[in-house]
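Coordinate inspection notes
The lines below spell out each chain.
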Amino acid sequence: MAARFTPAFRAASRRVVSSARPTLRRTFADIPPPPPPGKSNVPYFLGALGVVAAGAAYAFYGTDGSAADTAKELESKAKGVAVGVEGKLGLRRGKEDYQKIYDRIAEELEVEGYDDGSLAPVFIRLAWHASGTYDKQDNTGGSNYATMRFKPEASHGANNGLNIARDHMERIKKDFPWISYGDLWTLGGVVAVQESGGPTIPWRPGRIDGFEHHVTPDGRLPDASQAQDHLRFIFNRMGFNDQEIVALSGAHAMGRCHTDRSGFEGPWTFSPVTFSNEYFSLLVNEKWQWRKWSGPAQFQDSKTKTLMMLPTDMALVKDKSFKKWVDIYAKDEAKFFEDFSKAFSTLLELGVPKVQWAGEPWKMGSA
C-alpha cells in the first residue's frame, strides 16, 4: 500500500530552492468584480443569442449533417454564445464560486492506496488529454466540449486509465452541477500542478459541454513509442514550438506508467507526486539503457533500475533543438516553471472560442 502524503509531509518534502525562485502566490489576481447586471441587459442578451443562433442555423443547414446533429450543433452554438454574453454582462458565477471547487479538489488529492498516494498525476493527465486533441487547421478538438465523456473518445488507447480521474471528478460535479466538465477537468489539472509544488497556472472558466458528434478521431495524442518527428507533428498541430514541447514534457515529473494502461511501467522520477525539474535533471545526468523485459521498448536508469523513460522522452536529448531546452530546464527550475505555466495555460484553452471568455485568466490557489 502506498504511503499517504499528508499536507504537512507534502510541504516538508518539497525541496528548498535558491532565492532566485519567486514565492508562489496562491491567491486570485486582483481583478475588480464586474458590475451587477441590470434588467436593461436582458433584451441585449436575448437579442444577441437569437441573432447568432439564427446565423449558426443558416450556416449549418447548408451542410450534410443529420437533423439530430444539426439540432445538437445549434444547441452548442447557442451555449457558446450564452456563456460569452453571460460573462460580458456579469451574469456568470464569480471567482469565489470556482475557488470552492478548487479547494474541494485540493482536499481530495491524497488517496491512500492509490499509486504513490496522490491523484494529482492522473488529474494532470486528464486535463492534458482533454485539451491536447486540438487541431489548429480545422479548429476541432481541445477542451471546449469535454468529449472524453463519450465512449468513442474515452476508449482511445491514450486515455486508458483516465476513467479513474473522470469518476472522481464526477463525484465533485454532483456537488457543483453548474460547472461544465471542461472547466472542471482543466481546473483539476491546475490544482494538481500547484498543490504538488508546481507553478501558478493562470486559468479561467468558459468551456461548454458538447455532444458525441464533437468527438475527435483517435491518434491526436502523443504515441510514447515514437521519436522527435512524431512529437513535432503532434504538438505543431496544436500550435506549439520546440521550446513549448519540451516545457510541457516536464509534466512527466509527476506520476508513473502502468502496464494495464499504456503497457509501459514505472515512474520517471524519484518523487512522482512532487512537481519539479527533476525529470530534466535525470534525463541529462543519469545513464539510460534499454530495459530487458517482455513489455514495450522503454529505458531504465543504469544505477537503480527503478526509473523509466519512454522513447519520446529520450528523443528530447537526442534532438539538438530539444536538448537545448532540456539543459536549460535541468539547470534552472524557475525558468522551467515560468515556461511550463505559460504553455500549460495555453494548452488548457485550446479549442475554446474567445467569445466564451469573460475576461483575463485568474490566479487561484489554496489560502
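Residues numbered from 1 in each chain as written. Predicted model: local features only at pLDDT ≥ 70, side-chain atom pairs only at ≥ 80, totals over all residues. Heavy atoms only, no water.

Now for the pattern of salt bridges. Under the counting rule described, the total for this entry stands at 12 salt bridges. The partner of Lys-323 in a salt bridge is Asp-327, and the shortest N-O contact between them spans 2.9 Å. Of the two residues, Lys-323 and Asp-327 both sit in helix 13 (residues 320-331), four residues apart, roughly one turn of that helix. Take Asp-327: its relative accessible area is 24%, and that puts it in the partly exposed class. The shortest N-O distance in the salt bridge between Lys-335 and Asp-339 comes to 3.3 Å. Here Lys-335 pairs with Asp-339, and both are found in helix 14 (residues 333-348), just four residues apart, close to one helical turn. Given a relative accessible area of 25%, Lys-335 falls into the partly exposed group. Connected through salt bridges with shared partners, the residues Arg-104, Glu-108 and Asp-175 form a single ionic network. (Salt bridge = Lys/Arg side-chain N within 4 Å of Asp/Glu carboxyl O. Helix = DSSP H or I, 4+ residues; strand = E, 2+ residues; numbered from the N terminus. Buried < 20%, exposed > 50% of the residue type's maximum accessible area, 1.4 Å probe, protein only.)

Moving on, we come to helix 10 (residues 242-249). The buried count for helix 10 comes to eight of eight residues, which makes it a mostly enclosed element. Three or more residues of helix 10 are buried, namely Asp-242, Gln-243, Glu-244, Ile-245, Val-246, Ala-247, Leu-248 and Ser-249. Measuring from the backbone nitrogen of Gln-243 back to the side-chain oxygen at the start of helix 10 gives 3.2 Å, which picks out Asn-241 as the cap. (Polar contact = N/O pair within 3.5 Å; in protein donor to acceptor, adjacent residues only side chain to side chain.)

Moving on: unusual backbone geometry. In this structure, Asn-139 is a non-glycine residue whose phi angle is positive, near 60 degrees. Checked against the element boundaries, Asn-139 lands in the loop between helix 5 (120-131) and helix 6 (151-154). The partly exposed category is assigned to Asn-139, whose relative accessible area is 48%. The backbone of Ala-146 shows a phi angle near 50 degrees, a positive value even though the residue is not glycine. Along the chain, Ala-146 turns up in the loop between helix 5 and helix 6.

Next up on the list: the side chain of Thr-133. Note that Thr-133 resides in the loop between helix 5 and helix 6. Given a relative accessible area of 4%, Thr-133 falls into the buried group. Filtering out sequence-adjacent residues up to four positions away, Thr-133 remains in contact with Thr-140, Gly-141, Gly-142, Glu-153, Thr-216, Arg-220, Leu-221 and Arg-237. (Contact = heavy atoms within 4.5 Å.)

Here we take up the layout of surface pockets. Quantified by volume, the largest pocket comes out at close to 830 Å³. Arg-125, His-129, His-252, Trp-268 and Leu-310 are, among the 35 residues lining the largest pocket, the residues nearest its centre. Those elements that provide at least two residues to the lining of the largest pocket are helix 5, helix 9 (228-238), helix 10, strand 1 (256-257) and helix 12 (311-318). Considering each element in turn, the lining of the largest pocket owes the most residues, six residues, to helix 5. The class makeup of the residues in the lining of the largest pocket is 20 nonpolar, nine polar and six charged. (1 Å grid on protein atoms, 1.4 Å probe; cavity = no way out; pocket = protein on both sides within 12 Å on 5 of 7 lines; lining within 4 Å. Points joined across faces, edges and corners; volume = space filled by probe spheres on them. Nonpolar A, V, L, I, M, F, W, Y, C, P; charged D, E, K, R; others polar.)

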